[in-house]
Amino acid sequence: MTDEEPAGGHRLGSYLRARRELVSPAQVGLPTGGRRRVPGLRREEVALLAGISPDYYLRLERGRDKNPSPQVLESLARVLQLDDIERTYLLDLAAARPRAPRRKRSEHVPARVYELLAHLQIPAFVEGRAFDVLASNPMAVALSPRLRPGQNRLRSLLLDPEERAFHQDWTKATADFIATLRTTIGDDIDNPRFVELVGELALSSQRFRTLWARHDVRNLDGGTTTVHHPVVGDLRLHRDKLPIDDVILVVYYPDKDSDSDEKLRLLAALAHTETADDHARTGRPDASSNRPTRSQS
């Protein structure tokens, strides 16, 4: 998907090499002394620990053998200290077979979801598989203008200074988002939207290039995060991601009666006042202020 990364059957070898370079000899009980020309483990060290021949492991990394047995893959996962998500990703890479290109299908937000967004009084928006914002409610936009439809959350995170300041732990956020994107792409490497986004970020962001080369995989589901709003200050919010058809509904909400709850109520009041003022200036009726915005694409 980039000039440095193969788009075909060599993805298994690229993944093995990237993960090998992230494991230190000390982590697997090997001596750490002496000069080492490569970061992490040598190929022959991985082969020794996995119980396979160095020549066979070399063929795997170079894409000459694309059909390793499940037993070999399990041994490699153990040596490379892969977690459950990474292990599953490795097995899926080995199981991938050539397939016909998929027809591009636009991501569609069901009408009922727009109605749901209009009724929610907490920040809520709909995102696609590539972190494109497809729809959002006024509270989401009040929380962050980068949550307007047409924006891409990963692009904003990497390239927009305001978004970087918005996240208390920008370093972790970027690592999580990029690893999640790789997981989401899976074997859908010829999807035009993924190709476009990865290509753009590989050219414009050193942080993206560095993390993409690690081949990290992760699921970004529920959790708790702290963000810094320029008006109301720090907000500690829970995040839930709910799949609806082919899209994801994302909601942010605080603990009830917490400091963040009060700040979010203040933010809602400020957003309502600002919207009413805008309508007064333009002469538009205020009845539309609670309608969620839709993507124009």
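Residues numbered from 1 in each chain as written. Predicted model: local features only at pLDDT ≥ 70, side-chain atom pairs only at ≥ 80, totals over all residues. Heavy atoms only, no water.

### Here's the deal with unusual backbone geometry
As a reminder of what qualifies: Comment: elements are numbered from the N terminus, with helices defined as DSSP H or I runs of at least four residues and strands as E runs of at least two. Buried means the residue's accessible area, taken with a 1.4 Å probe over protein chains only, is under 20% of the maximum for its type, while exposed means over 50%, and partly exposed covers the values in between.
With a phi angle near 55°, Gln-81 is a residue other than glycine that sits in the positive phi range. By the secondary structure assignment, Gln-81 is in the loop between helix H4 (70-79) and helix H5 (84-95). Residue classification places Gln-81 among the partly exposed positions, given a relative accessible area of 39%. Positive phi is not limited to glycine here, since Asp-257 has a value of about 65°. In this structure, Asp-257 sits in the loop between strand S5 (247-253) and helix H13 (259-282).

### Here we look at the pattern of salt bridges
Quick note on the threshold: Any carboxyl oxygen of Asp or Glu within 4 Å of a side-chain nitrogen of Lys or Arg constitutes a salt bridge here.
Scanning the model with the defined rule gives 23 salt bridges in all. The salt bridge partner of Arg-155 is Glu-200, with a shortest N-O separation of 2.9 Å. Here Glu-200 lies in helix H11 (residues 192-204) and Arg-155 lies in helix H8 (residues 153-159), a separation of 45 residues in the sequence. Overall, the relative accessible area of 29% leaves Glu-200 in the partly exposed class.

### Regarding the packing of aromatic side chains
Spelled out, the test is: Classification of ring pairs rests on two measures: the distance between centres of Phe, Tyr or Trp rings, Trp counted by its six-membered ring, which must be within 6.5 Å, and the angle between planes, read as stacked under 30 degrees, edge-to-face over 60 and tilted in between.
Scanning all chains against the criterion turns up 4 aromatic pairs. Ring geometry for Tyr-15 against Tyr-89: centres 5.0 Å apart, planes inclined by 65°, an arrangement best described as edge-to-face. In this pair, Tyr-15 is assigned in helix H1 (residues 11-20) and Tyr-89 in helix H5, connecting sequence segments 74 residues apart. Both residues of the pair, Tyr-15 and Tyr-89, belong to the buried class. When the centroid spacing of 4.8 Å and the interplanar angle of 35° are considered together, the rings of Phe-131 and Phe-177 count as tilted. Here Phe-177 lies in helix H10 (residues 170-185) and Phe-131 lies in the loop between strand S1 (124-127) and strand S2 (133-136), a separation of 46 residues in the sequence. Side by side, Phe-131 and Phe-177 carry an identical accessibility label, which is buried.

### Focus on the confidence of the model for the chain
Selection rule: The pLDDT score gives, residue by residue, the confidence of the prediction method on a 0 to 100 scale. In this analysis, two residues are considered to be in contact whenever any of their non-hydrogen atoms come within 4.5 Å of each other.
Looking at the chain as a whole, the pLDDT averages 87, with 85% of positions reaching at least 70. Averaged pLDDT values over the elements of the chain bottom out at 57 in strand S6 (residues 293-294) and peak at 98 in S1. Across residues 286-290, confidence stays below pLDDT 50; counting only partners more than four residues off in sequence or on other chains, it has 9 contacts.

### Some words on H10
The condition that has to hold: What a helix should span is 1.5 Å times the count of its residues minus one.
With 16 residues, H10 extends 22 Å from end C-alpha to end C-alpha; this agrees with the ideal 22 Å at 1.5 Å per step. Summarising burial for H10: 12 of the 16 residues are buried, a large majority. Turning to H10, its buried residues number three or more, namely Trp-170, Ala-173, Thr-174, Ala-175, Asp-176, Phe-177, Ile-178, Ala-179, Thr-180, Leu-181, Arg-182 and Ile-185. For H10, the elements touching its buried residues are H5, H8, helix H9 (161-166), H11 and helix H12 (206-214).

### Focus on the pairing of S2
For clarity, the cut-off: Between any two strands, pairing holds if DSSP finds at least two bridges.
Here 3 bridges tie S1 to S2, and the two strands are oriented antiparallel to one another. Looking at S2, one finds that Val-126 is bridged to Ala-135. The hairpin formed by S1 and S2 contains 5 residues between the paired strands, and Phe-131 there has a positive phi angle of roughly 70°.

### Observations regarding the nonpolar core
Note the cut-off: Among the buried residues, those of types Ala, Val, Leu, Ile, Met, Phe, Trp, Tyr and Cys that are joined through side-chain atoms within 4.5 Å form a nonpolar core.
The biggest cluster of nonpolar side chains holds 24 residues, and the ones touching the most others in it are Tyr-15, Leu-16, Val-46, Ile-52, Tyr-57, Leu-76 and Leu-90. When contributions to this core are tallied by element, the ones reaching two or more residues are H1, helix H2 (43-50), helix H3 (54-61), H4 and H5. For this core, the element with the highest residue contribution is H4, accounting for 5 residues. Excluding residues within four positions of it along the chain, Tyr-15 makes contact with Leu-82, Glu-86, Tyr-89, Leu-90, Leu-93, His-215 and Val-217. Listed in part, the 22 residues of the second largest apolar core include Phe-131, Ala-175, Leu-181 and Leu-197.

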